[in-house]
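A look at the structure
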Amino acid sequence: LNRQVDLEQALKAALSKVAELLNLRTGWVWLLHEESGENYLAAAQNLPPALADHPERMTGTCYCLDTYRAGDLEGAANVNVVTCSRLKWLADGTYGLKYHASIPLYAHDKRLGVLNVASPDWRQLSEEELRILYTVGDMLCIAVERARLFSQSMQLGVVEERNRLAREIHDTLAQRLAGITLQLESAEAILEAGGDSDRLHRAISHALEQARASLEEARRSVLDLRAAPLEGRSLSQALAALAKAAMQEHGLVVEYRVSGAELPLPARLEAGLYRIAQEAIVNAAQHAGIGNASLHLEIKPERVRLAVADRGQGFDLARIPPGRFGLLGMNERARLLGGELRIESSPGSGARIEVSVPLAVGEARH
């Protein structure tokens, strides 16, 4: 059970082991939907043909589920107590099964479902067998909750990735496409007014430049999606490579330095910090109006700091149009990491972007 995060596989493995340990032929597990509370067959072991060939018979409610919902399964713990209502009126294809044990599954006071194991023999399970069965039920409850939490974390990861894509599209492609539209509208107006060809040519040339830049940005985004940001490297190594590539890709000389302890960081934190550095370097290349910048990573047991600075033209913090310089995306990344983004800039005095993320006790060792 501890080796599995796939719920169906974990339940099947448990059913197989229970059947082997207790010499029981068949078993199945009912779980309740977290949202609707309706029961569904989550896993089955060696169902008889009368049930396997007629899946509709394994839907809906039954005596043991009704009893479970009523909060009274104490009398259903032994094989010779409950006559299975799904098998009771079937004559053929049942392997002779008529009776099953029903083990309620709870996570604290939360109802999860029912474990059923069946046997053609009308025999009573021993106290030791029942203890084993209830222990397996407790372990199944832990496995179900862990699998559901894992699924929820994956869904949250998908939501975060969708938000990241939305940020990148808004900060890059959407703005460039808006610029292209503006230039083409200007060209159309010049044509309609019979304006000079030089103005028309400039408008079309600007639109073409922005279209090419948009295409390059789209290609970069696709490459970012296809490959893991760090590609198996540590954060420090990945940032060093990013600084080195800035000259080739953006014509920007980036001085990189790292200080503090070389501690391994959580993968999610490393990826987020790398993306922030990547965006900040692109911003410096596009807007600073200068050919050099600095990138500094500081790692301490209690905190990680990342700073990108330049001595370029700077900007007025009070007059930044919404979404400009990728600041929205960087700020959201920092917030999702549990950190804070700080921006220092003024016209003619360069700019400094710093993100600071606290580390939980022991987190940097994971």
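1. Some points on the overall build of the chain
Within the chain, the regular secondary structure consists of 8 helices and 10 strands. Every one of the 366 residues in the chain was classed for burial, and the buried ones make up 41%. For the chain, long-range pairs separated by at least 24 residues make up 67% of all intrachain contacts whose partners lie at least 6 apart in sequence. Carbon together with sulfur atoms contributes 53% to the accessible area of the chain, which is approximately 20,400 Å² in total.

2. A look at the pairing of strand β9 (residues 340-345)
Two faces belong to every sheet, and in a regular strand the side chains alternate between them. Where β9 meets strand β10 (residues 351-358), 6 bridges bridge the pair, whose relative direction is antiparallel. Bridging from a neighbouring strand, E344 pairs with R352 of β10. Between β9 and β10, which pair antiparallel one after the other, the connecting turn spans 5 residues, and G348 there sits at a positive phi close to 85 degrees.

3. A closer look at empty space enclosed by the protein
This model, assessed by the stated rule, comprises 2 cavities of 30 Å³ or more. In this structure, the largest cavity spans a volume of roughly 150 Å³. Residue lining of the largest cavity: 14 residues in total, with N283, A284, D310, F315 and A351 positioned closest to the centre. Mapped onto the lining of the largest cavity, the elements with two or more residues apiece are α7 (267-287), β8 (303-310) and β10. When residues of the lining of the largest cavity are assigned to their parent elements, the largest contribution, 4 residues, is made by α7. Residue classes in the lining of the largest cavity are distributed as 8 nonpolar, 4 polar and 2 charged.

4. Comments concerning the side chain of E270
In this fold, E270 is placed in helix α7. Buried and without a salt bridge, E270 has R233 as its closest oppositely charged side chain, separated by 9.7 Å. Excluding anything up to four places from it in sequence, E270 contacts L230, S234, L235 and L265.

5. Let's talk about unusual backbone geometry
Only a minority of non-glycine residues have a phi that is not negative, and only a minority of peptide bonds are not trans. Residue N46 is not a glycine yet carries a positive backbone phi of 55 degrees. Mapped onto the elements of the fold, N46 is located in the loop between β2 (39-45) and α2 (49-52).

6. Overview of helix α8 (residues 327-336)
Of all the positions in α8, only L327, G329, M330, R333 and A334 are classed as buried. Summarising the axial view, the buried residues of α8 lie within an arc of 165 degrees, below the 170-degree limit, and thus occupy one face. G338 lies just past α8 and shows a positive phi near 80 degrees.

7. Looking at the packing of helix α6 (residues 235-250) against α7
At a minimum axis separation of 11 Å, α6 and α7 run at an interaxial angle of 20 degrees. Between α6 and α7, the angle is such that the two are roughly parallel. The crossing of α6 and α7 is right-handed. Each of L235, A238, L239, L242, A246 and H250 in α6 lies in contact with α7, whose residues at this interface are E270, L273, Y274, A277, Q278, I281, V282 and A285. Its residues assigned to classes, the contact of α6 with α7 shows 11 nonpolar, 2 polar and 1 charged.

8. Some details on the packing of α7 against α8
The relative placement of two packed helices comes down to the angle between their axes together with the axis-to-axis distance. Across the interface, α7 lies against α8 with an axial gap of 10 Å and an inter-helix angle of 160 degrees. It follows from the interaxial angle that α7 and α8 lie roughly antiparallel. Between α7 and α8 lies a crossing of left-handed hand. Contacts from R268, G272, R275, I276, E279, A280 and N283 of α7 reach α8 at M330, R333, A334 and L336. Classifying every residue of the contact of α7 with α8 gives 5 nonpolar, 2 polar and 4 charged.

9. Description of the pattern of salt bridges
Under the definition given, this model contains 8 salt bridges. Among the salt bridges present, the one from E298 reaches K300, with a minimum N-O distance of 3.9 Å. Residue classification places E298 among the buried positions, given a relative accessible area of 19%. Taking the shortest distance from any N to any O, the salt bridge between R342 and E340 comes out at 3.6 Å. Take E340: its relative accessible area is 46%, and that puts it in the partly exposed class. Through salt bridges that share partners, E298, K300, R305, E340, R342, R352 and E354 make up one connected network.

10. Comments concerning the side chain of D310
Along the chain, D310 turns up in strand β8. No salt bridge is formed by the buried D310. Its closest oppositely charged neighbour is R311, at 8.5 Å. Here the side chain of D310 touches G312 through a polar contact of 2.9 Å, landing on its backbone nitrogen. Contact partners of D310, with chain neighbours within four places excluded, come to A284, A288, I290, N292, A293, G350 and A351.

Each value, and the rule that gives it
- Residues numbered from 1 in each chain as written.
- Predicted model: local features only at pLDDT ≥ 70, side-chain atom pairs only at ≥ 80, totals over all residues.
- Heavy atoms only, no water.
- Helix = DSSP H or I, 4+ residues; strand = E, 2+ residues; numbered from the N terminus.
- Buried < 20%, exposed > 50% of the residue type's maximum accessible area, 1.4 Å probe, protein only.
- Contact = heavy atoms within 4.5 Å.
- Areas by Shrake-Rupley, 256 points an atom, 1.4 Å probe, with all protein chains shown as cover.
- Pairing = 2+ DSSP bridges.
- 1 Å grid on protein atoms, 1.4 Å probe; cavity = no way out; pocket = protein on both sides within 12 Å on 5 of 7 lines; lining within 4 Å.
- Points joined across faces, edges and corners; volume = space filled by probe spheres on them.
- Nonpolar A, V, L, I, M, F, W, Y, C, P; charged D, E, K, R; others polar.
- Lys, Arg positive; Asp, Glu negative; His and termini not counted.
- Salt bridge = Lys/Arg side-chain N within 4 Å of Asp/Glu carboxyl O.
- Arc of directions from axis to C-beta.
- Axes fitted to C-alpha atoms, helices over the stretch in contact; angles between N-to-C directions.
- Parallel < 35°, antiparallel > 145°, perpendicular 65-115°, else oblique.
- Left-handed = near helix turned anticlockwise from the far one by under 90°.
- Polar contact = N/O pair within 3.5 Å; in protein donor to acceptor, adjacent residues only side chain to side chain.

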